[in-house]
Amino acid sequence: MTDAAIDAVTGGPIDLAATRADTPGSHRGVFLDSAGSSLPPVQVLDEVIGHLHREAEIGGYRAADERARDLEDGYAVLATALGCEPDEVAFTDSATRAWLAAFDSIPLAEGDRILVTEVEYAGNAIPLLRRAAEVGATVEPVPSDAHGAVDVEALRRRIDERVQVVSLVHVPTNGGLVNPVDEVVAAAHEVGALVLLDACQSAGQVPLTGLAADIVTGTGRKWLRGPRGTGFLVVRRDVLGRLRPRQVDLHSGTWETLDRYRLREDARVFELWETSVADRLGLIAAFRYALDLGIDAIAEAVRDRATHLRAGLTRIPGVTVRDLGVNQCGIVTFTVDGVAPATVRDRLRERGVTVHTSGVESTRYDMTRRNLDEVVRASPHYFISPAQLDAAVAAVTAVAGTR
Ligand SMILES: *Cc1c(COP(=O)(O)O)cnc(C)c1O
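Conventions adopted
- Residues numbered from 1 in each chain as written.
- Predicted model: local features only at pLDDT ≥ 70, side-chain atom pairs only at ≥ 80, totals over all residues.
- Heavy atoms only, no water.
- Near = heavy atom within 4 Å.
- Polar contact = N/O pair within 3.5 Å; in protein donor to acceptor, adjacent residues only side chain to side chain.
- Areas by Shrake-Rupley, 256 points an atom, 1.4 Å probe, with all protein chains shown as cover.
- Patch = residues over 30% accessible without salt bridge, like charges linked within 9 Å, V, L, I, M, F, W, Y side chains within 5 Å.
- Salt bridge = Lys/Arg side-chain N within 4 Å of Asp/Glu carboxyl O.
- Helix = DSSP H or I, 4+ residues; strand = E, 2+ residues; numbered from the N terminus.
- Buried < 20%, exposed > 50% of the residue type's maximum accessible area, 1.4 Å probe, protein only.
- Domains from an automatic or database assignment.
- Contact = heavy atoms within 4.5 Å.
- Buried area = accessible area lost by both parts, 1.4 Å probe.
- Nonpolar A, V, L, I, M, F, W, Y, C, P; charged D, E, K, R; others polar.
- Pairing = 2+ DSSP bridges.
- Axes fitted to C-alpha atoms, helices over the stretch in contact; angles between N-to-C directions.

A. A look at the site of the ligand. Near the ligand, the surroundings consist of Ser94, Ala95, Thr96, Tyr121, Val171, Thr173, Asp198, Cys200, Gln201, Thr219, Arg221 and Lys222. In this structure, Asp198 approaches the ligand through a side-chain N or O atom, which is 2.6 Å from a nitrogen atom. In the complex, the protein chains occlude 92% of the 380 Å² of accessible area that the ligand would expose alone.

Spelled out as structure tokens, the structure:
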């Protein structure tokens, strides 16, 4: 059967041929790095490039004015996808910027405690450890359960009124685990702690509506297939009053009299005035694209591909799949006996298969605990065909055979 014929019979709820037609890069080899920086659809590309051309024609201010309505509608688009209100959404230039803006705004004092999961991401851990040391607070990893998800019972045993924040990574950067959110939020709220949810690896592949986290951060370039240099922040209305945004400007507030200013009372207080309008339009287009396909359909299609890939990898002698959790998503990690993960990545690239690696520096609690230095990370999106997954498994088989 040809690739197209296989696509036609296994398309599932997502029209595989249509999404592949929208994704020119999906035909250039086997792209398995949507957890790193995915392939945007032409709808995103056209929006970004079109706006850059318009800026060159009439200037950035007028070009933005022309799209004022679309930019404003963007808050509602994100709110629909993220299960919040438009005034709870802020656009940022990365997930990390969103996370830092939120975390830095949470009051912390000596003796306070911060709970994190064992899959905490380095980009969060470093500012957590730094600020905790500055104020005399502690950062405490909560143990994982037997399958590798955060152990909610262990969390409940540890949590008390001194806990101000629970930093929860929804899906880790180094594996297919999906952490429970609502159980963690329930435990945190019993003691008045805020839950800061890092949804970088879940946004665009796992439904986020209905989650009760107080603050949610995410990135554009991964599973959402948006442009690089884009991110978003959700801050619930009822927690905004507890936060003190540290970096504010003339967009976050208004200079009202010579010595007085007033800050906005919605999530946009976390935005700065200057932004790449083209990239923001691209991110909004990426969210629209995901909403049009349906996040539930995307989740199912991605899970199917990851399951297919894991099954194929498991059958290869010398290959060990490393994903944690019972509830798993589209990130597939593995190691090959006797071949360093970076070498596996390079050899797969020579065979037209794009994967990435994830090292101990990114998720130190987890990788140290599991005695892992580095893993290969393959992250197939819904635009990958079953034939491409089989080609990837064949390529890994060949690489494993050369050890
Ligand atoms: C990629 C990633 C981030 C950072 O996202 P940026 O857009 O690069 O700032 C944060 N957390 C996790 C779990 C990630 O995988």
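B. Fine view of a nonpolar patch on the surface. Together, Tyr61, Leu250 and Trp273 give the surface a local cluster of nonpolar side chains, amounting to about 420 Å² of exposed area. By secondary structure assignment, the location of Tyr61 is in helix H4 (residues 60–66). What makes Tyr61 exposed here is its relative accessible area of 62%.

C. The arrangement of the domain arrangement of the protein in detail. What the domain assignment lists for the protein is domain 1 (3–40 + 294–400) and domain 2 (47–292). Every contact between the two is made by 42 residues of domain 1 and, on the other side, 34 residues of domain 2. Taken over both partners, the interface formed by domain 1 and domain 2 buries close to 3,100 Å², and the fraction arising from carbon and sulfur atoms is 55%. Per-residue buried area on domain 1 facing domain 2 is highest for Ile295, Cys329 and Tyr365; these three make up 21% of the total on that side. For the pair domain 1 and domain 2, the interface holds 1 salt bridge. Among the salt bridges present, the one from Arg369 reaches Glu118, with a minimum N-O distance of 3.1 Å. If you look at where domain 1 meets domain 2, you find 24 residue pairs in polar contact (both at pLDDT 80 or more). Put simply, the parts of the chain that give the side of domain 1 that touches domain 2 at least two residues each are helix H12 (295–314) and helix H14 (364–369). A per-class count over the side of domain 1 that touches domain 2 returns 16 nonpolar, 17 polar and 9 charged.

D. Fine view of the sheet that holds strand E4 (residues 138–142). The strand order E2-E8-E7-E6-E5-E3-E4 describes an open sheet built from 7 strands, whose pairing is mixed. Looking along the sheet, the strands with just one partner apiece sit at the ends: strand E2 (89–92) and E4. Sheet twist, expressed as the average angle between the axes of neighbouring strands with direction ignored, equals 20°. In this sheet, strand E6 (residues 194–198) lies alongside strand E5 (residues 163–169) in parallel orientation, the contact comprising 5 bridges.

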